Amino acid sequence: MELQQLAFSKLETLDDYDPNSMPVEQARQLIQHFLHPLEQQETVPLHAALHRTLAHDLLSPMNVPPHDYSAMDGYALRFADLTGERPRLKRVGSSFAGHAFEGQLAAGECVRIMTGAPIPHDCDCVVMQEHVQVEGDTVVVGGGHRPGQNVRLIGEDMKQGETVLARGHRIRPVEMGLLASLGISEIAVYRKLKVAIFSTGDELQLPGKPLAAGQIYDSNRYSLFGMLSELGADILDMGNIRDDRASLRNSLLDAASQADVIITSGGVSVGEADYIKELLAEIGEVVFWKIAMKPGRPLAYGKIGSCHFFGLPGNPVAVMVTFHQFVRDALRRLMGQYPKTALTFRAVCVTPIKKAPGRAEFQRGILSRNDSGELVVHTTGNQGSGVLSSMSKANCYIILPVSQGNAEAGLSVEVQLFD
Ligand code: AMP
Ligand code: MG
């Protein structure tokens, strides 16, 4: 049996499986069953590697640094020569970054050395220039030095042959620098994940065009575009689709024939023009379509052939919350990464909380330190799922469990930073 069928057949065996009201954690786990990461690879130049996923374990081809070098401007010498009260050494040459001292040192000699310059073969110590007195060619050294001081050793960053990055590692700015420090100019990564997006709604107008009566601007496709760009997806933007059954059906089929994943917004609730869930059932399979959370209760997940489908709610805040809480990690897994559970911690909420028990809630918060240095969080005020400005003011989610009701200021809450 195919893995996908296996996953679908497993659904029925779960006694608490309710596609009509899925607890947040269960929904995350269910999605996991369906995620089979991309396998195709390509080799890209380092400049194009940002946000991509390593397709192999990376073994260091060399030692970094490739030679011992000085961490200071000063004098390279042999520690054994530092004898007596104020040892006097003879300066016999210089070592600059990129221009090593090639000569040999005799006893009692030293070499002027700059930060980043290779340590001459016979030396084991660098004395900072501030700790010597120079009298012509003679360098007079003060006391209190140690062998090995100010010397950066070959391979102390990365050793030749050592595994520095594992397959599935996401390439961030630091990894671009790290790969470059290993002399690597191109790298094997998984191909980009192709994600088709479209908005649904007769009320939607394109930014830049005048609004007619009853219209609003389509914002979801832009926040989605931004979130997908940050993940490094290959985005197929299909625009706004009318609340028309046939157009929606064609768009879904068209998207499924081209993309690995489809993400739509709107049309997943129970209004008369909300066709998405019904169409998904007709041309694909629905895994769930409601989550016990706020905002984001209507959230459809399913498959159309081998294409994953996420039908996000229409409300702009709900789009971002459901993307962050479900879609982002799912896409990362498909890209070949191993996303870690988002880090959360506790902070005292200094504003009262309004919440009805029954659903998990993701409120927008601003985390900061109070005058005593303690982490505190306050809500951004209006928590309506259409109030996108509350998301813009916030820097974190305040995650409130299903059972939580209204609370006075002072409650300890779970917080998840946006970045
Ligand atoms: P729906 O889920 O289609 O009923 O939409 C729920 C709410 O979100 C309605 O107020 C819609 O007008 C609004 N909405 C839907 N799609 C968008 C969009 N792309 N941009 C901004 N608001 C939207
Ligand atoms: Mg709609």
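Parameters and conventions
Residues numbered from 1 in each chain as written. Chains lettered and ligands numbered in written order. Predicted model: local features only at pLDDT ≥ 70, side-chain atom pairs only at ≥ 80, totals over all residues. Heavy atoms only, no water. Phe/Tyr/Trp six-rings, centres within 6.5 Å; stacked < 30°, edge-to-face > 60°. Helix = DSSP H or I, 4+ residues; strand = E, 2+ residues; numbered from the N terminus. Buried < 20%, exposed > 50% of the residue type's maximum accessible area, 1.4 Å probe, protein only. Lys NZ or Arg CZ within 6 Å of the ring centre and 35° of its normal.

**Description of the packing of aromatic side chains**
Evaluation of the coordinates by the stated rule reveals five aromatic pairs. With centroids separated by 5.9 Å and ring planes inclined at 70 degrees, the aromatic side chains of Phe 34 and Tyr 301 adopt a geometry described as edge-to-face. Placement of Phe 34 in helix 2 (residues 24-34) and of Tyr 301 in strand 20 (residues 298-304) is noted, with a sequence separation of 267 residues between them. The pair Phe 34 / Tyr 301 is uniform in exposure class, with both members buried. Seen from their ring centres, Tyr 301 and Phe 310 are 5.0 Å apart, and the 40 degrees between their planes marks the pair as tilted. One aromatic cluster in this structure is built from Phe 34, Phe 288, Tyr 301 and Phe 310. Cation over ring: Arg 28 sits above Phe 326, and NZ or CZ is 5.7 Å from the ring centre. Against the face of Trp 289 rests Lys 277, its NZ or CZ located 3.9 Å from the ring centre.

**Here we look at unusual backbone geometry**
A cis amide bond links Val 64 with the next residue in sequence, Pro 65, at an omega value of -5 degrees. Within the fold, Pro 65 resides in the loop between strand 2 (58-59) and strand 3 (69-70). Residues Lys 294 and Pro 295 are joined by a peptide bond in cis, for which omega reads -10 degrees. Positive phi is not limited to glycine here, since His 51 has a value of about 70 degrees. Among the secondary structure elements, His 51 is positioned in the loop between strand 1 (41-45) and strand 2. Using a relative accessible area of 25% as the deciding quantity, one classes His 51 as partly exposed. Positioned with a positive phi, Asn 150 is a non-glycine residue whose angle comes to about 60 degrees. Relative to the assigned elements, Asn 150 resides in the loop between strand 9 (138-141) and strand 10 (151-152).

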